[in-house]
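Structure assessment
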Amino acid sequence: MNGDTLPPRKRSSPTLSNRRSTNGKEKTERYGDVAEMAKKSSSEFGGYGWWLSNAYFMKWTAEDVFGVVKYHPIPCVFAASLLFFMGVEYTLRMIPASSPPFDLGFIVTVPLNRLLAARPALNTLFAGLNTVFVAMQTAYILGTFLIEGRPRATISALFMFTFRGILGYATQLPLPEDFLGSGVDFPVGNVSFFLFYSGHVAASVIASLDMKRMERWELARVFDALNVLQVVRLLSTRGHYTIDLAVGIGAGILFDSLAGNYVETRTKLCAVNANGSGVEYSPKHQNGVKYQSVSSD
């Protein structure tokens, strides 16, 4: 063997060659599948995509779109108002820190405010009548539980005043400069009080909702009318801001609903554990309306 000749190269075995060709084919097929998936995914996302093609609104027809306006006009009005107030919010100039808060309800009731400021006796009369109305609310709400055995309105009022105290203390609003107080107003004695939200209005709503559940329609209408007059007086005397009164209405509805859920839950629980305590809740009917009564052993 001389240096000019090279040793022959070993050929790979047929088995190894087949294995390499098989692996190469598998890799080609695998990468081909991945490429195909990527191409498909790219085309889908370039168009609507699998998630967009299955979206709810993609199944809408023109009839569905016009049907929303036809059958749901109130939400459509709310949607339009959302766009409107978004524009107002971004273009409205903020009230300077040195200026009193802007309140549309105060502006509307300027003539009444001037009238009551000029006639303190009339202001005292209206304040006294409003305090009588508050006493009526209190008597009715407590009476539903103590006399009729229906705890929902009382629990609702307890929920409402508890959260009013928390929120009123957490954000203490300044008393308006032209506030017209009275010694016979509630809280009696012209003492300090929480502005947000209005307990006067919320308690009235709670009482009215209970009356409507019991089908005491005439009494409910009287309370609603007196509540409107109460709102006008509180705005005229600057005893509450408009937002306090509006949230008071919502708070009355909210806590009445929460109290109803609470009573229903406790009723079911006590029905299961009827022998576990001395207090038993039993369903009864009055004027065709089911309510919960409390009885002791």
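Residues numbered from 1 in each chain as written. Predicted model: local features only at pLDDT ≥ 70, side-chain atom pairs only at ≥ 80, totals over all residues. Heavy atoms only, no water.

Concerning the overall build of the protein chain
- Secondary structure summary: the protein chain contains 11 helices and two strands in total.
- What you see in the protein chain, going N to C, is helices and strands ordered as α-α-α-α-α-α-α-α-α-α-α-β-β.
- Counting over 297 residues, the protein chain shows a buried share of 28%.
- In the protein chain, once contacts between residues fewer than 6 apart in sequence are set aside, the share between residues at least 24 apart is 71%.
- As displayed, the protein chain offers around 20,500 Å² of accessible surface, 65% of which is attributable to carbon and sulfur atoms. (Helix = DSSP H or I, 4+ residues; strand = E, 2+ residues; numbered from the N terminus. Buried < 20%, exposed > 50% of the residue type's maximum accessible area, 1.4 Å probe, protein only. Contact = heavy atoms within 4.5 Å. Areas by Shrake-Rupley, 256 points an atom, 1.4 Å probe, with all protein chains shown as cover.)

A short note on the confidence of the model for the protein chain
- When pLDDT is averaged along the protein chain, the result is 79, and 73% of the positions lie at 70 or above.
- Contacts of residues 278-297 to residues separated by more than four positions or lying in other chains number 46 contacts, the stretch itself having pLDDT below 50. (pLDDT = per-residue confidence, 0-100.)

Quick notes on a nonpolar patch on the surface
- Taken together, the side chains of Y56, F57, M58, W60, V65 and F66 make up a nonpolar region of the molecular surface, amounting to roughly 700 Å² of accessible area.
- Position of V65 among the secondary structure elements: in helix α3 (residues 62-71). (Patch = residues over 30% accessible without salt bridge, like charges linked within 9 Å, V, L, I, M, F, W, Y side chains within 5 Å. Salt bridge = Lys/Arg side-chain N within 4 Å of Asp/Glu carboxyl O.)

Quick word on the environment of K212
- When you line up the elements, K212 lands in helix α9 (residues 199-213).
- Of the residues examined, K212 reaches a relative accessible area of 33% and is grouped as partly exposed.
- Once residues within four sequence positions are removed from consideration, K212 is found in contact with W217, A220 and D224.
- For K212, the side chain forms a polar contact with the side chain of D224, separated by 3.1 Å. (Polar contact = N/O pair within 3.5 Å; in protein donor to acceptor, adjacent residues only side chain to side chain.)

Section: the pattern of salt bridges
- For the coordinates displayed, the defined rule picks out 10 salt bridges.
- For the salt bridge of R213 with D210, the shortest nitrogen-to-oxygen distance reads 3.4 Å. Here R213 pairs with D210, and both are found in helix α9, just three residues apart, close to one helical turn.
- Of the residues examined, R213 reaches a relative accessible area of 22% and is grouped as partly exposed.
- Each member of the salt-bridge network shares a partner with another, and the members are E148, R150, R152, D210, R213, R216 and D256.

As for the packing of helix α7 (residues 120-146) against helix α10 (residues 217-236)
- Running from N to C, α7 and α10 point in directions that differ by 140 degrees, and their axes come no closer than 11 Å. Considered as vectors, α7 and α10 are oriented oblique to each other. The handedness of the crossing between α7 and α10 comes out as left-handed. When α7 is examined against α10, the residues N123, F126, A127, N130, F133, V134, M136, Q137 and Y140 are found in contact with a partner set consisting of L219, F223, L226, N227, Q230, R233 and L234.
- Looking at the contact of α7 with α10 residue by residue, the classes come out as 10 nonpolar, five polar and one charged. (Axes fitted to C-alpha atoms, helices over the stretch in contact; angles between N-to-C directions. Parallel < 35°, antiparallel > 145°, perpendicular 65-115°, else oblique. Left-handed = near helix turned anticlockwise from the far one by under 90°. Nonpolar A, V, L, I, M, F, W, Y, C, P; charged D, E, K, R; others polar.)

A short note on the UniProt feature "transmembrane region" (unreviewed entry) in the protein chain
- Listed under "transmembrane region" (unreviewed entry) in the UniProt record, and renumbered for this structure, are residues 71-92, 128-147, 154-171 and 191-209.
- Secondary structure within residues 128-147 divides into 95% helix and 0% strand; the distance between the first and last C-alpha atoms comes to 27 Å. (UniProt positions renumbered as here; feature names shortened; annotations may be inferred.)

Quick word on unusual backbone geometry
- The linkage connecting F196 with the following residue, Y197, adopts the cis geometry, with an omega of -5 degrees.
- Position of Y197 relative to the elements: it lies in the loop between α8 (152-170) and α9.
- Despite not being glycine, E215 has its phi angle at roughly 60 degrees, a positive value.
- Turning to its location among the elements, E215 is positioned in the loop between α9 and α10.
- The exposure class of E215 is partly exposed, given its relative accessible area of 41%.
- A positive phi angle, near 60 degrees, is found at R238, a position not held by glycine.
- Residue classification places R238 among the buried positions, given a relative accessible area of 2%.

Looking at the packing of aromatic side chains
- Applying the stated criterion across every chain yields a total of seven aromatic pairs.
- With a centroid separation of 6.1 Å and an interplanar angle of 70 degrees, the aromatic rings of F159 and Y262 are classed as edge-to-face. Taken together, the residues span a long stretch of sequence, with F159 in helix α8 and Y262 in helix α11 (residues 242-272) at a distance of 103 residues.
- In textbook terms, an aromatic cluster arises when at least three aromatic residues are bridged by ring pairs, as seen for F133, Y140 and F223.
- When the ring centre of F106 is taken as reference, the NZ or CZ atom of R238 above it lies at 4.5 Å. (Phe/Tyr/Trp six-rings, centres within 6.5 Å; stacked < 30°, edge-to-face > 60°. Lys NZ or Arg CZ within 6 Å of the ring centre and 35° of its normal.)

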